[in-house]
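# Chain and residue survey
Chain by chain, the residues run as shown.
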Amino acid sequence: MFSGSTLDAYTSGVWHASALLAGRVKAVRQPYSGATVPELQEQVDAVDLDRPLGDTGAALHEVARLYLDNAVWFHEPTYVAHLNCPVAIPALSAEVLISAVNSSVDTWDQSTAGTLIERRLIDWTAGRIGFGPGADGIFTSGGTQSNLQALLLAREEALESRNRAASLERLRIFATTQSHFSVSKSAGILGLDADAVIGVATDHTGRMDATALAVAIDDARRDGGIPMAVVATAGTTDLGRIDPVAEIAEICERQGIWLHVDAAYGCGLLVSPRRRHLLDGIERADSVTVDFHKSYFQPVSSSAIVVRRGETMRRIAVHADYLNPRTAALPNQVDKSLQTTRRFDALKLWMTLRTMGSDQIGDMFDTVIDRAADVHALIEADSDFEALAEPTLSTVLFRFRPAHLSVAECDDLMPRLRQRLFYGGRAIVAGTRIGGHYWLKFTLLNPNTTMDNLRDVLDLIRGIGREMTGERDEAAAVMA
């Protein structure tokens, strides 16, 4: 166990782990090994967990073989799949402290200064959003938990002056089909009706149509529904679109409806030197989700929900005499959190801000957005590819579709091509369906990914596509 009497073993173990990791990362040349599920399953199943190796070094080398040799490396410049980022080194230094000290930031007597650091970061984030001094919030495990908590607070707000039993089934949430799946998932967890989430139409770019929202709210009221919340998205997962927050806020304020802004992806704009204006209106929200482990380049987990009126957080407080009695005068975070035991993840962001500063984080996010615009232009000019739409943030939807390939053939080919690319190991892209058609997706969150890297990925896709469609030209021969 970690203690003052075991520091030699601790420093030795940490040194060996970091050295082993460094050796693997130094040798990495592509984001994945290409190992298949059956191959990895066989290796994992072969380990007898009831027969320990008895030596940390031996266990580390076993883990390196099973895990590190087959990890997906987000720092590799040809990993352009999901909203995963390479992580800031100061945050990794914080991880060493967090894991060893093992603070739990639920009560003061388990975390002391950790509580104050987390609260200061929430205040800082609230200031970046534009909230006043009465704002509050809490760090969470991720955007899904942040969205759930925001909608829980919205539910309690809507039910405050109503009969709970009679009103619960009538509560309605308004969101678009581009909103994160956690909105519908949260509605189920919160005990709302299956049809509680009402889909709001989008404009031609995929942003929420504010006029359609107003109509949807009026229709719901007419049908006996109770508008509980509107979820605007600042960075949709597929298209990276930012809903017109200011227009939506105007409607919510006029109608007395909770506005939640899911900025899990787009929160990096809060520190962007060039694009902060894209979030104009976010300061009028009742709650905001931010995912530092996306566009602030933090290790998982590092997310938060921030609310404009701090008193709303108290709606979920439950007191226990052994933990957080009502008479406690000390700073207490468990009153505001869905979790009890909770890691001191805030320290990672603190270390990053104190080492790098917010401007550098914003510059890095701006860089990947610039890169997305550049690669979209490259795809548009290439007759072998088709782009869906001009990007807003750092996602680009496209597909391999030379002139001879029909739409139906392309829809059939794309998921198979993506799988072939993944198991080749040299590059990883995402995939999704929009309007009934399958698209490949670049999600750029690595400032070190260059246009040359992206050209290489496009050439890999081109080569695999030509091979799979039967064209045997020079590019396909190189791929073979």
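See the structure printed just above.
An account of the accompanying structure is given in this report. (Residues numbered from 1 in each chain as written. Predicted model: local features only at pLDDT ≥ 70, side-chain atom pairs only at ≥ 80, totals over all residues. Heavy atoms only, no water.)

Right, let's talk about the overall build of the chain for a bit. Looking only at helices and strands, the chain features 17 helices and 12 strands. In terms of C-alpha radius of gyration, the chain reaches 24 Å, essentially the compact-globule figure of 23 Å for 480 residues. Once the C-alpha set of the chain is aligned to its principal axes, its extents read approximately 70 × 65 × 45 Å. Per-residue burial for the chain yields a buried fraction of 50% across its 480 residues. Sequence separation of at least 24 residues holds for 72% of the intrachain contacts in the chain that already meet a minimum separation of 6. (Helix = DSSP H or I, 4+ residues; strand = E, 2+ residues; numbered from the N terminus. Rg over C-alpha atoms; globule rule 2.2 N^0.38 Å. Buried < 20%, exposed > 50% of the residue type's maximum accessible area, 1.4 Å probe, protein only. Contact = heavy atoms within 4.5 Å.)

For soluble globular proteins, the rule of thumb is that nonpolar side chains tend to be buried together. Core analysis: the biggest nonpolar cluster contains 90 residues, and Val230, Val261, Phe442 and Ile461 have the highest contact counts within it. When residues of this core are assigned to their parent elements, the largest contribution, eight residues, is made by helix α14 (residues 358-380). Setting aside its immediate chain neighbours within four residues, Val230 contacts Phe174, Met208, Leu213, Ile217, Ile248, Cys252, Ile257, Trp258, Leu259 and His260. Listed in part, the 26 residues of the second largest apolar core include Ile138, Leu153, Ile173 and Ile305. (Core = buried A, V, L, I, M, F, W, Y, C linked by side-chain atoms within 4.5 Å.)

Another point: the sheet that holds strand β11 (residues 428-434). Judged by pairing direction, the sheet is mixed, and its five strands sit side by side in the order β1-β11-β12-β10-β9 without closing on themselves. Every interior strand has two partners, whereas the edge strands, β1 (79-80) and β9 (385-387), have only one. In the sheet, β1 pairs with β11 via two bridges, with the strands oriented parallel. In the strand pairing of β11, Tyr79 is matched with Ile428. Lying on the sheet, α14 is in contact with β9, β10 (395-400) and β12 (437-443); it crosses β10 at an angle near 20°. Against the sheet, helix α16 (residues 451-468) contacts β1, β9, β10, β11 and β12, and its axis sits at roughly 30° relative to β10. (Pairing = 2+ DSSP bridges. Axes fitted to C-alpha atoms, helices over the stretch in contact; angles between N-to-C directions.)

Buried residues dominate strand β5 (residues 226-233), accounting for eight of its eight residues. Note: strand β3 (residues 171-175) against β5, four bridges, orientation parallel. The partner of Leu171 across the bridge, within β5, is Ile226. At this point the chain moves from β5, through helix α11 (residues 245-255), to the parallel strand β6 (residues 258-263), and the crossover so formed is right-handed. (Right-handed = clockwise from strand over helix to strand, strands pointing away.)

All right, on to the packing of aromatic side chains then. Under the definition given, this model contains nine aromatic pairs. Judged by centre distance (4.9 Å) and plane angle (55°), the rings of Phe74 and Tyr79 are tilted. Classification of Tyr79 as buried rests on a relative accessible area of 5%. Both rings, one in Phe292 and one in Tyr296, keep their centres 5.0 Å apart while their planes meet at 90°; by these two values the pair is edge-to-face. Look at Phe292 and you get buried, because its relative accessible area is 1%. For Tyr296, a relative accessible area of 1% gives the class buried. Three or more aromatic residues joined by ring pairs make a cluster, and in this case those are Phe385, Phe398, Phe400 and Phe442. A cation over a ring is seen here: Arg399 above Trp439, with NZ or CZ 4.4 Å from the ring centre. (Phe/Tyr/Trp six-rings, centres within 6.5 Å; stacked < 30°, edge-to-face > 60°. Lys NZ or Arg CZ within 6 Å of the ring centre and 35° of its normal.)

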